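Survey of secondary and tertiary structure
The residues making up each chain are set out below.
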Amino acid sequence: MFSQRHLLGIEGLSQSDITAILDLSETYVEQNRKTNKHLDVLTGLTQINMFFENSTRTQASFELAGKRLGADVMNMSMQASSIKKGETLIDTALTLNAMHPDLLVVRHPNSGAVNLLASKVNCSVLNAGDGRHEHPTQALLDALTIRRRKGRLHRLTIAICGDIAHSRVARSNIILLGKMENRIRLIAPPTLLPSGIDKLGVEVTGDMREGLKDVDVVMMLRLQRERMDGGFIPSEREYFHRFGLDDEKLAIANDDAIVMHPGPMNRGVEIDGLIADDINRSVIQEQVEMGVAVRMAAMDLLARNHKRWRVEEAMA
Ligand code: CP
């Protein structure tokens with residue numbers, strides 16, 4: 001049974017928690033393909049989205065997910081909030097908490113900020129990405145995409161390529177795919193690998209031609225310029241030559257290997273635009289579709305727990 005109070009990271013989830021979210025997501029994939037997408041699963045509940053960092057996919061899909069499930073959804077404009085007058089993250093959270101939200105969706109540039117916030121509020125908190133730490137719903141939507149395309153989520157060989165060091169997507173995926181017993185290969189220049197990589201139970205190489213052999217899934221990552229404070233690569237042109245996914249490098253992977261990218265993409269830097277658009281190999285748009293379903297499932301499961309705890313607390 002899924003009994004989590006918050007969704008702060010993949011780290012705290014069991015294999016059965018992950019499977020529960022993915023199984024429920026399947027029903028929402030079907031629901032989202034209907035003309036009438038509305039359900040009343042979250043009717044009467046309030047969802048507040050707080051994005052302290054830019055977002056297209058995550059913000060839009062959390063908003064759509066809440067609205068399709070019937071929640072009252074409020075998007076805080078952090079640029080126009082009292083944070084700009086010096087109010088702290090915690091004081092902002094406590095202020096919103098006093099308005100009795102049920103679900104708080106938070107993206108923040110600092111690793112650990114969302115966990116800290118969750119310890120101060122009464123509602124369920126969903127991490128929409130914190131610094132380099134975790135992006136749990138991204139890893140879950142990636143897992144759903146892989147499971148649907150490959151028919152399973154175990155005993156696959158998965159290459160994660162590019163800027164691993166600055167990527168919360170890579171970290172959440174490494175944890176999730178490891179928990180589900182897959183073989184994970186990281187492909188990156190040494191400057192873009194995090195310290196302590198040897199403790200993650202993954203294979204590591206700096207050579208795309210070696211790393212892409214026999215892989216079922218090729219997951220490309222963007223260079224996270226906003227988290228870099230120096231020269232991590234010689235030039236984008238050189239980077240694409242060595243680490244960018246093009247036809248020649250993709251030919252090394254299994255013939256039926258799928259190509260993934262969490263977005264936003266930098267075409268011609270980490271991926272050739274023609275591969276990104278190739279509907280026979282790329283599942284990038286399917287990842288976006290799965291994102292809405294996974295976020296609906298995560299909020300549905302957390303809201304059920306939230307309701308149960310409120311009843312238990314009232315009776316105690
Ligand atoms: N993948 C992802 O998190 O994209 P956004 O930054 O657009 O939300």
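Structure's up top.
Worth saying up front: this structure is predicted, and the values here are computed from it rather than measured.

As a further point, take the site of the ligand. Ser55, Thr56, Arg57, Thr58, Arg107, His135, Gln138, Pro262 and Gly263 make up every residue found near the ligand. Thr58 places a side-chain nitrogen or oxygen 2.6 Å from an oxygen atom of the ligand. A distance of 3.0 Å is found between a nitrogen atom of the ligand and a side-chain nitrogen or oxygen belonging to Gln138. Taking a 2 Å distance to the grid points as the criterion, the majority of the atoms of the ligand fall inside the largest pocket. Of the residues contributing to the shell around the ligand, the split by class is one nonpolar, six polar and two charged.

With that out of the way, let us pick up the sheet that holds strand S9 (residues 258–260). An order of S7-S6-S5-S8-S9 is seen for the five strands of this open sheet, with the pairing classed as parallel. Edge positions in the sheet fall to strand S7 (203–205) and S9, since each has one partner strand and no second. Pairs of neighbouring strands in the sheet enclose a mean axial angle of 20°, with direction left out of account. With five bridges connecting them, strand S5 (residues 157–161) and strand S6 (residues 183–187) associate as parallel partners. The partner of Ile160 across the bridge, within S6, is Leu186. Packed on one face of the sheet, helix H5 (residues 136–150) meets S5, strand S8 (217–220) and S9 and runs near 170° to S9.

With that out of the way, let us pick up the packing of aromatic side chains. This structure, assessed with the given rule, holds one aromatic pair. Positioned above the aromatic ring of Trp309, the side-chain terminus of Arg5 is 4.8 Å from the ring centre.

Let us look at helix H2 (residues 57–68). Across its twelve residues, H2 extends 16 Å between first and last C-alpha, which sits within 8% of the 16 Å expected from 1.5 Å per residue. Every buried residue of H2 is accounted for by Thr58, Ser61, Phe62, Glu63, Ala65, Gly66 and Arg68.

Two elements in contact, helix H1 (residues 15–32) and helix H11 (residues 284–315), have axes separated by 8 Å at closest approach and are oriented at 120°. Overall, the two elements H1 and H11 adopt an arrangement that is oblique. Remark: the crossing between H1 and H11 carries right-handed chirality. For the pair formed by H1 and H11, the contact residues are Ala20, Ile21, Leu24, Ser25, Tyr28, Val29 and Asn32 on the first element and Glu289, Met290, Val292, Ala293, Val294, Met296, Ala297, Asp300, Leu301 and Arg304 on the second. Among the residues forming the contact of H1 with H11, the class breakdown is twelve nonpolar, two polar and three charged.

With that settled, consider the layout of surface pockets. As a volume, the largest pocket reaches approximately 370 Å³. In terms of lining, the largest pocket is formed by 20 residues, of which the most central are Arg107, Arg168, Arg222, Gly263 and Pro264. Within the residue set of the lining of the largest pocket, elements represented by two or more residues are H2 and helix H6 (168–179). Classifying every residue of the lining of the largest pocket by side-chain character gives four nonpolar, nine polar and seven charged.

Residue position: Thr205 is located in strand S7. A polar side-chain atom of Thr205 sits 3.0 Å from the main-chain amide nitrogen of Asp207. Sequence-distant contacts of Thr205, that is, excluding residues within four places in its chain, are made with Leu186, Ile187, Ala188, Glu210 and Gly211.

Now for unusual backbone geometry. Looking along the chain, the bond that leaves Gly263 and enters Pro264 is cis, with omega of -10°. Position of Pro264 relative to the elements: it lies in the loop between S9 and helix H10 (273–276). Non-glycine residue His100 carries a positive phi angle of around 60°. Tracing the backbone through its elements, the reader meets His100 in the loop between helix H3 (89–97) and strand S3 (103–108). Judged by relative accessible area, which is 62%, His100 ranks as exposed. Although it is not a glycine, Glu181 sits at a positive phi angle of roughly 65°.

The rules we used
Residues numbered from 1 in each chain as written. Predicted model: local features only at pLDDT ≥ 70, side-chain atom pairs only at ≥ 80, totals over all residues. Heavy atoms only, no water. Near = heavy atom within 4 Å. Polar contact = N/O pair within 3.5 Å; in protein donor to acceptor, adjacent residues only side chain to side chain. 1 Å grid on protein atoms, 1.4 Å probe; cavity = no way out; pocket = protein on both sides within 12 Å on 5 of 7 lines; lining within 4 Å. Sits in = over half its atoms within 2 Å of the grid points. Nonpolar A, V, L, I, M, F, W, Y, C, P; charged D, E, K, R; others polar. Pairing = 2+ DSSP bridges. Helix = DSSP H or I, 4+ residues; strand = E, 2+ residues; numbered from the N terminus. Axes fitted to C-alpha atoms, helices over the stretch in contact; angles between N-to-C directions. Contact = heavy atoms within 4.5 Å. Phe/Tyr/Trp six-rings, centres within 6.5 Å; stacked < 30°, edge-to-face > 60°. Lys NZ or Arg CZ within 6 Å of the ring centre and 35° of its normal. Expected span 1.5 Å × (residues − 1). Buried < 20%, exposed > 50% of the residue type's maximum accessible area, 1.4 Å probe, protein only. Parallel < 35°, antiparallel > 145°, perpendicular 65-115°, else oblique. Left-handed = near helix turned anticlockwise from the far one by under 90°. Points joined across faces, edges and corners; volume = space filled by probe spheres on them.

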